[in-house]
Amino acid sequence: MARDRGSPPAGRADRGDDRTSRWSRVADRLDRQLAPVDEPLFDAAALAPGLQVLDVGCGRGSTTRRAAREVTPGGRVVGLDVSDEVVRQARVRTPGSSPIEWMVARAHGAPLPDGRLDRVISRFGCTFFPDAAPGFANLARATRPGGRLCITVWAHRDRSPLHRVPVEAARRAAAALGYDLGLPPPDGGMHSLGSADHAIAVAEGAGWTEVRYTPHELELYVGGPGPLEDAVETRMAAGTVADALEGAPRPVVDAVAAALADAFAPYHDGVGVRMPAAFAVVTARRA
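About the criteria used
Residues numbered from 1 in each chain as written. Predicted model: local features only at pLDDT ≥ 70, side-chain atom pairs only at ≥ 80, totals over all residues. Heavy atoms only, no water. Helix = DSSP H or I, 4+ residues; strand = E, 2+ residues; numbered from the N terminus. Buried < 20%, exposed > 50% of the residue type's maximum accessible area, 1.4 Å probe, protein only. Phe/Tyr/Trp six-rings, centres within 6.5 Å; stacked < 30°, edge-to-face > 60°. Lys NZ or Arg CZ within 6 Å of the ring centre and 35° of its normal. Disulfide = S-S within 2.5 Å.

**What to know about unusual backbone geometry**
And then number 1: Between Thr 72 and the following residue, Pro 73, the backbone shows a cis peptide bond with an omega angle of 5°.
And then number 2: Its location among the elements puts Pro 73 in the loop between α3 (62–71) and β2 (76–81).
And then number 3: Even without being glycine, Ala 46 reaches a positive phi, approximately 50°.
And then number 4: The phi torsion at Glu 210 lies on the positive side, around 50°, for a residue other than glycine.
And then number 5: In this structure, Glu 210 sits in strand β6 (residues 208–221).
And then number 6: Classification of Glu 210 by relative accessible area gives partly exposed; the value is 46%.

This is the structure we're talking about:
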């Protein structure tokens, strides 16, 4: 039951629509899962009234709306995401009085005015750049001298049980049925900025200076507090395992779901599936 490597891939738009649909089903859970990361992110960003801010990979806009509150009065925030459906969902969740502009674009090609931004923030949105160098360069171009970058990035997968445990459980379950999930390496995909040396080199090469990589570890609830089934559904709908299961036969999908339930069960503390997560806050200044 090996993956058919010779089959043509699904159209990019179709694949993106499918992932957006899956992500939307669990988006509220993912916001609850990631909410504790907001504190180190916003502490480092040190937003203040009057600042002009870009939130990269804004999703449904929870961090964008917090940024808007912190820069009021006088400031403004742009929420940027690659998916028009995700941005639509962000808009309908945002009061009309909020000083927010929503933009659908990829970071490397976003039509941002030169030298206007005081801050660029992102809660893991920059980890999904298909090519990090032009993305970070465009963000630097749009930032004024002295403006700052403040983002969170995931550590390599093997350092973070939140990501390692479900991926390894899925790999074993699929392999038992003779199916190769084609999973990215521990330093690939959304973990590609997971080492200090690499993240600093990428940012410096794109025009940022005084780059700092500050490791953190928190215990996060998979899909937020809730029953075991919520954690399994969240991982089956969004993230590395979900992406790897695209096009997989139903027996493989069912086996992976059962394996995730078994893997998560020891981590359920009565409130939710609570797992250590390693990440870093990356900060930099525009020269």
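What follows continues from the structure just given.
**Quick notes on the packing of aromatic side chains**
The description of an aromatic ring pair uses the distance of the two centres, along with the angle that the planes make with each other.
And then number 1: Tallied over the entire structure, the rule returns three aromatic pairs.
And then number 2: Each ring, one from Phe 124 and one from Phe 279, has its centre 6.1 Å from the other, and the planes form 80°; the classification is edge-to-face. Of this pair, Phe 124 sits in the loop between β4 (117–123) and α5 (132–141) while Phe 279 sits in strand β7 (residues 274–286), and the two are 155 residues apart along the sequence.
And then number 3: Accessibility expressed as a relative area gives 2% for Phe 279, which makes it buried.
And then number 4: The side chain of Arg 66 reaches across the aromatic face of Phe 42, ending 4.4 Å from its centre.

**Some remarks on the state of the cysteines**
And then number 1: Under the criterion given, the structure shown has zero disulfides.
And then number 2: Note on Cys 126: no disulfide assigned, nearest cysteine sulfur contributed by Cys 150 at a separation of 10 Å.
And then number 3: For Cys 150, a relative accessible area of 1% corresponds to the buried category.

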